[in-house]
Amino acid sequence: MALHIVVCVKSTPTSVNVPVDPATGQPKTAGLPTAINPYDEYAVEEAVRLKERVPGSSATVLTVGADSAADVLREAIARGCDAGVLVSGPEFEGGDSFATSLALSAAIKKLHAEKPVHLVLFGKNTNDVGAGVVGVQTAAWLDWPSATAVKKIEAIDPSSATVQRAMEDGTDVLKLALPACVATVKEINEPRLPSLKGKMASKKAVLPKWTAADLGLQPAQVGAAGAATAIAKAALPPSRPAGVKVEGATSAEKAKKLVDILFERKLI
Amino acid sequence: MANSGILVVAVSQRGALPPATYELVSAGRKLADALKQPLAAVVLSDKASALAADLASRGVDKVYSVEHASLAGFAEDTFAKAAADVARKEGFAKILLASNVAGRALAARLAVLLKAGLATDVSEIADDGKVSRPYYAGNLVASVEIKTPVAVLTLAPMSFPRAEPGAAKAEIVPVAFDPGAAKTTFSTYQPETSNEIDMGSAERVVSGGRGLGGAEGFKKIFELAHALGAAVGASRAAVDSGWIPYKHQVGLTGRSVRPKLYVAVGISGQIQHLAGMSSSGTIVAINTDKDCPLMQMANVSVQGDLNELLPAIVEEVKRRRGAAPIAA
Ligand SMILES: Cc1cc2nc3c(=O)[nH]c(=O)nc-3n(C[C@H](O)[C@H](O)[C@H](O)COP(=O)(O)OP(=O)(O)OC[C@H]3O[C@@H](n4cnc5c(N)ncnc54)[C@H](O)[C@@H]3O)c2cc1C
Ligand SMILES: Nc1ncnc2c1ncn2[C@@H]1O[C@H](COP(=O)(O)O)[C@@H](O)[C@H]1O
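Predicted model only: the values in this text are computed from it and were never measured.

Rules of the game
Residues numbered from 1 in each chain as written. Chains lettered and ligands numbered in written order. Predicted model: local features only at pLDDT ≥ 70, side-chain atom pairs only at ≥ 80, totals over all residues. Heavy atoms only, no water. Helix = DSSP H or I, 4+ residues; strand = E, 2+ residues; numbered from the N terminus. Buried < 20%, exposed > 50% of the residue type's maximum accessible area, 1.4 Å probe, protein only. Contact = heavy atoms within 4.5 Å. Areas by Shrake-Rupley, 256 points an atom, 1.4 Å probe, with all protein chains shown as cover. Lys, Arg positive; Asp, Glu negative; His and termini not counted. Charge placed at Lys NZ, Arg CZ, Asp CG, Glu CD. Rg over C-alpha atoms; globule rule 2.2 N^0.38 Å. Phe/Tyr/Trp six-rings, centres within 6.5 Å; stacked < 30°, edge-to-face > 60°. Domains from an automatic or database assignment. Near = heavy atom within 4 Å. Polar contact = N/O pair within 3.5 Å; in protein donor to acceptor, adjacent residues only side chain to side chain. Nonpolar A, V, L, I, M, F, W, Y, C, P; charged D, E, K, R; others polar. Core = buried A, V, L, I, M, F, W, Y, C linked by side-chain atoms within 4.5 Å. Buried area = accessible area lost by both parts, 1.4 Å probe. Salt bridge = Lys/Arg side-chain N within 4 Å of Asp/Glu carboxyl O. Expected span 1.5 Å × (residues − 1). Axes fitted to C-alpha atoms, helices over the stretch in contact; angles between N-to-C directions. Parallel < 35°, antiparallel > 145°, perpendicular 65-115°, else oblique. Left-handed = near helix turned anticlockwise from the far one by under 90°. Pairing = 2+ DSSP bridges.

1. Things to note about the overall build of chain A
The helix and strand tally for chain A stands at seven helices and 15 strands. By its C-alpha atoms, chain A is 75 × 45 × 40 Å across when sized along the principal axes. Across the 268 residues that make up chain A, the buried fraction comes to 54%. Look at the contacts in chain A between residues 6 or more apart in sequence, and 70% of them connect residues 24 or more apart. Just so you have it, chain A exposes about 11,400 Å², and 57% of that area is on carbon and sulfur atoms. Charged side chains of chain A number 30 positive and 28 negative; the gap between the two group centres comes to 4 Å.

2. With respect to the overall build of chain B
Each helix and strand counted, chain B has nine helices and 16 strands in total. Its C-alpha atoms give chain B a radius of gyration of 21 Å, within 12% of the compact-globule value 20 Å for 328 residues. With the C-alpha coordinates of chain B rotated into their principal frame, the extents come out at 65 × 40 × 40 Å. Burial analysis of chain B (328 residues in total) assigns 58% to the buried set. Contacts in chain B between residues far apart in sequence, at least 24 positions, make up 63% of those at least 6 positions apart.

3. Here's the deal with the packing of aromatic side chains
Residues and elements named next belong to chain B. Scanning the entire structure with this criterion turns up four aromatic pairs over all chains. Considering the side-chain rings of Y64 and F92, the 6.2 Å spacing of their centres and the 80 degrees angle between planes classify their relative orientation as edge-to-face. Residue Y64 is located in strand β3 (residues 62-67), and its partner F92 is located in the loop between α3 (76-90) and β4 (94-98); the two are separated by 28 residues in the primary sequence. Given a relative accessible area of 4%, Y64 falls into the buried group.

4. Focus on the environment of G213(B)
Secondary-structure assignment places G213(B) in the loop between β12 (204-208) and α5 (217-228). In this structure the C-alpha to C-alpha distance between G213(B) and A238(B), which are 25 residues apart in sequence, comes to 8.6 Å.

5. Some thoughts on the domain arrangement of chain A
Where interface size is given, it is often the accessible area lost as the parts come together that is meant. Under the domain assignment, chain A is made up of domain 1 (4-226) and domain 2 (240-268). The C-alpha-based centres of domain 1 of chain A and domain 2 of chain A are spaced at 47 Å.

6. Observations concerning the site of ligand 1
All names here are of chain B. Close contacts around ligand 1 come from 25 residues, with R210, S235, T253, S268 and N287 the closest. In the environment of ligand 1, an oxygen atom lies 2.8 Å from a nitrogen or oxygen atom belonging to the side chain of Q272. Contacts to ligand 1 include N287, whose side-chain N or O atom sits 2.7 Å from an oxygen atom. About the coverage of ligand 1: the protein hides 75% of its 990 Å² of free accessible area. For the shell around ligand 1, a count of residues per class yields five nonpolar, 16 polar and four charged.

7. Comments concerning the nonpolar core
Among soluble globular proteins, nonpolar side chains are generally buried collectively. With 43 residues, the main nonpolar core has V43(B), L55(B), I125(B), L153(B) and L155(B) as its most contacted residues. In terms of residue count, the dominant contributor to this core is helix α1 (residues 20-35) of chain B (seven residues).

8. A short note on the environment of V7(A)
Residues and elements named next belong to chain A. On the secondary structure map, V7 appears in strand β1 (residues 4-8). Taking the C-alpha atoms as reference points, V7 and H118, separated by 111 residues in sequence, lie 11 Å from one another. Not counting the four nearest positions on each side in its chain, V7 is found in contact with A43, V44, A47, T60, V61, L62, C81 and L121.

9. Observations regarding the interface of chain B and chain A
Facing the 83 residues of chain B at the interface are 78 residues of chain A. Interface area, chain B with chain A, both sides summed: about 6,600 Å², of which 57% is carbon and sulfur. For the chain B face of the interface with chain A, the top three residues by lost area are R109(B), Y136(B) and K183(B), together amounting to 11%. Applying the counting criterion to the chain B and chain A interface returns four salt bridges. One can count 35 residue pairs in polar contact (both at pLDDT 80 or more) joining chain B with chain A. Looking at which element gives the most residues to the side of chain B that touches chain A, the answer is helix α9 (residues 306-321) of chain B, with nine residues.

10. Notes on α9(B)
Spanning 16 residues, α9(B) covers 22 Å between terminal C-alpha atoms, matching the ideal 22 Å at 1.5 Å per step. Capping the start of α9(B), D305(B) holds a side-chain oxygen 2.9 Å from the backbone nitrogen of N307(B), two or three residues further along.

11. Overview of the packing of helix α4 (residues 134-142) of chain A against helix α4 (residues 101-113) of chain B
For the pair α4(A) and α4(B), interaxial distance at closest approach is 8 Å and the crossing angle is 40 degrees. Judged on the interaxial angle alone, α4(B) and α4(A) are oblique. The chirality of how α4(A) crosses α4(B) is right-handed. On α4(B), the residues that touch V136(A), Q137(A), A139(A), A140(A) and W141(A) of α4(A) are A105(B), A108(B), R109(B), A111(B) and V112(B).

12. Overview of the sheet that holds strand β11 (residues 170-177) of chain A
Spatially, 10 strands are ordered β13(A)-β7(A)-β6(A)-β1(A)-β8(A)-β12(A)-β9(A)-β10(A)-β11(A)-β11(B) in an open sheet, and the strand pairing comes out mixed. Every other strand in the sheet has two partners, leaving β13 (209-210) of chain A together with β11 (184-191) of chain B as the edge strands with one partner each. Here strand β6 (residues 58-64) of chain A runs beside strand β7 (residues 83-87) of chain A; their pairing, made up of five bridges, is parallel. In the strand pairing of β7(A), V64(A) is matched with V87(A).

Structure representation (structure tokens):
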């Protein structure tokens, strides 16, 4: 039985060297080049692999972002997704994980009503906010089960999925009733580059754009108005004091001086 | 009723509490004293009683003990329901969790269930309630305002001291729990086969990079790590070369660590590597190139050939301590 998979991706700056606007104390991202969040490539690849594994399945890529975020939808279609949906509008600006996950859950509900969704895939974390929480928050809004840090989908059918979760001390195996949300980690696959056929499809793809009203949400529930947190002030991390250079004529002498310092500072 | 009080959520993993739990208790204690609010902990486990007794001796005012067969293995939805029940009933204002896989997932669910603002990887909590957390892989640190009456926070590991057991014993309140129909079934756990120290909670990490020249080179890293009681990390160059498994990778696309001592051997210190370790306490760099970024930013830099320096350091440490390795 075929599956409908949704994969959530974010358009983020390609570099983590982001300046702070001294006037507002906010990170200054306007004009920075953007691309698909690196970890989301693994989620896209997994959606495509599931399509290959379960014939007749389809994958829809979903993002909440600016109009320019359509680029990451096209990128995911080039890599093998079938369709894309852009959730966008001025009301979504300035959202945090709380507001963004609500918008994602409302869009997933709408997709689910059109064609039942079995699995929603997420990346490990974004390279801008980097909290690694939006997938599970989305699951919570939907009241669906979830698994984070998934490194393998062992088995899947339309009613359940068995997944491996990478914990700090080993691997958990869990069975989730579907529909469910799964946040992936890098070990899950090796992403492939877009194919020529995929690139053609991505150029032609028509991407519906949904606003808060289309999702049945009030503008106050999304974006900065719906956010439960706000950056008060961003800054560069405190600079480190100048270091000590360990000098010596021989390696043994340097080793002795280094070990002296480690003991003096009670580091060992 | 206005929300008040601080709740530490203690998730048992394989029947024990991860050491990060005690860091939550000490951070919670400091906050509770500053705000003049009570500090409670909730233990979620299939065998909660012993763990509750442990927490009760570490400076909390009250321990809620939720013991239920469904809390044996970590299921994100079931654990969140159990924690949310306690948080709601008592109207806690700040919920503290560990920034590990379980704590992060649980925090995410709790934030939605409690309609609460969420901040992860928090390294500092100010008395006015604002918290510091990293953005852009640690290139920026922001002070974040939580706009909701309830705040859910996961605390960065190694950012707060670990609460020690004391003579005072807090009251333990058993709490009944009805998980309802389970949508997540925990089936098995396969432990990591090696008995290496986990990087995330290690006080000391020794990392190796391309300068090691091959998988053989990592033997020297393991020897030094063993002598120092440290976990082993690596740069992406070393991982990509197949010298050591990916789980050891430190950096933007690896893990973030914050040990008291980080020793980088044969690692140049590209920004993607620094993203995973720059908030470590003391950074020691060992490198032939005194001008590389890691040597420039290190607290202690040793210029020289690692092939000579590493054995010399191991020997010196052993000489000073007797042959016994240091406990992690
Ligand atoms: C999107 C992206 C994500 C990335 N994520 C990560 C990440 O998570 N983690 C990460 O580490 N990197 C990451 N990288 C890669 C990063 O840019 C660097 O390529 C990598 O960190 C370099 O590793 P290195 O320092 O070991 O190697 P090199 O830069 O080659 O440095 C080797 C060092 O060894 C020294 N050396 C050589 N011989 C000796 C000797 N005999 N004794 C002492 N010193 C010696 C050299 O002087 C040099 O400084 C990422 C890159 C990209 C583009
Ligand atoms: N604006 C967004 N649109 C779509 N998916 C998102 C968005 N933000 C985050 N995600 C997804 O949620 C994951 C975790 O994000 P985060 O919690 O910000 O680290 C990402 O890897 C994406 O899969």
